[in-house]
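# Structural overview for review
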Amino acid sequence: MTHTALPFVVVEDRQNRTLALCRESAALAQEQLVVLSDTDAGPAYERFRHAYVHLSSNSPEFERICFRRYFLLAQYLAANPGCSAFVLIDSDVLLFKGIGEHVRRLAGKADFSGSYISPADGWNPCQVSPHVSYWTANGLRRFVAFVLDTYTTPSGRRKLREIAARFAARGIRGGVSDMTLLYLWARASGNDDPINRVLEGTVIDHNINSPHNHLANEFRYRGGAKRITYADGRPWLTAAAGGRTNVVALHFQGSAKMAMPHALHGRMRTVAAVTYALMVARRAKNKAFRLATRVRRTLDALGLANAPAAK
């Protein structure tokens, strides 16, 4: 049985270098890329926006924009009834040859498949990333309905607050985002098989900045990113236990976007150098932040200790 080619969809209203590189990678991989640049997500999104409860360390504007893409996708599917399945990607993802066929094999008969790291230390952030995610039209409609139901019912909002409280208790950034809703819906609907698992020697990257993929410390690390080599016209990761794995999508989260043009054109040593410099800068910034926090706490404590007693 033959399948029609899966369209790859980016929801992005900014025309920037990152999106241009994503477009170029799709063309080189011979995959169809559709860019949705609309920002008016219709009445269903307005209903969500009014019901939204902010439970994230990111800004409310950022989180609402992340949710908005699913409502924009729902409008796109309504206007294009012939699109029964697609792959949603972020603009900071590079595609490589074979990605479409690989996603088809992974997805099977599922309505959705997203990317996540299997918990290894007892901490589950309850997040599934959509940066490369497979969807059927039916799955997208069901997810939008789930989002609305969760935010407009007391039981749904209570569940989200419980998850946010777990982040607060651990003192870490994060909280509730669209990735939280994807996790809850994927588990409830039986669509929780990860798209970033290795299948037949091929894999989709979860985050280039980390050695983790679906499993913790799954791949070797070089510089500030996964160790990538370029051979036979394709990029490869090296498994922690040895052996090459063909990677058909790379995710350049955060400042790692600076390495995208080098990875697209096979300059993997430059990718390692750039990501290493970014890692050093990131660690220095985090160290300075922690030091400043300790200084403020010390000064606050001294201020309280030296304050005159109340009469």
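Look a little higher up for the structure.
Residues numbered from 1 in each chain as written. Predicted model: local features only at pLDDT ≥ 70, side-chain atom pairs only at ≥ 80, totals over all residues. Heavy atoms only, no water.

### Notes on the layout of surface pockets
Considering only enclosed or pocket space, the second largest pocket measures out at about 200 Å³ in volume. Lining of the second largest pocket is provided by 12 residues; of these, Ala5, Gln30, Glu31, Gly100 and Glu101 occupy positions nearest its centre. (1 Å grid on protein atoms, 1.4 Å probe; cavity = no way out; pocket = protein on both sides within 12 Å on 5 of 7 lines; lining within 4 Å. Points joined across faces, edges and corners; volume = space filled by probe spheres on them.)

### Notes on the sheet that holds strand E1 (residues 8–11)
Strands pair in a sheet through their backbones, by hydrogen bonds, and they do so in one of two ways: parallel or antiparallel. Strand order in this open sheet of five strands is E2-E1-E3-E6-E5, and the pairing throughout is mixed. The open sheet is flanked by strand E2 (33–36) and strand E5 (112–115), the only strands paired with a single partner. Neighbour-to-neighbour, the strand axes of this sheet turn through a mean angle of 20 degrees, independent of strand direction. Two strands pair when backbone bridges link them, and E1 and strand E3 (residues 85–89) are joined in this way by two bridges, in the parallel orientation. For Val9, the partnering residue across the bridge sits in E3 and is Leu88. On top of the sheet, helix H4 (residues 99–107) reaches E1, E3 and strand E6 (129–136); it is set at about 70 degrees to E6, its chief contact. Helix-sheet contacts for helix H7 (residues 178–189) involve E5 and E6, and the interaxial angle to E6 is about 40 degrees. (Pairing = 2+ DSSP bridges. Helix = DSSP H or I, 4+ residues; strand = E, 2+ residues; numbered from the N terminus. Axes fitted to C-alpha atoms, helices over the stretch in contact; angles between N-to-C directions. Contact = heavy atoms within 4.5 Å.)

### Section: the packing of aromatic side chains
Applying the stated criterion across every chain yields a total of 17 aromatic pairs. Through successive ring pairs, a cluster of aromatic residues spans Tyr45, Phe48, Tyr52, Phe67, Phe71 and Tyr151. Positioned above the aromatic ring of Trp236 is the side chain of Arg244, whose terminal nitrogen or guanidinium carbon lies 4.0 Å from the ring centre. (Phe/Tyr/Trp six-rings, centres within 6.5 Å; stacked < 30°, edge-to-face > 60°. Lys NZ or Arg CZ within 6 Å of the ring centre and 35° of its normal.)

### Some details on the environment of Leu182
When you line up the elements, Leu182 lands in helix H7. We classify Leu182 as buried; its relative accessible area is 0%. Between the C-alpha atoms of Leu182 and Phe252, which are 70 residues apart in sequence, the distance is 21 Å. Once you skip the residues sitting within four places of it in the chain, Leu182 turns out to touch Tyr70, Phe112, Val128, Pro130, Trp135 and Phe143. (Buried < 20%, exposed > 50% of the residue type's maximum accessible area, 1.4 Å probe, protein only.)

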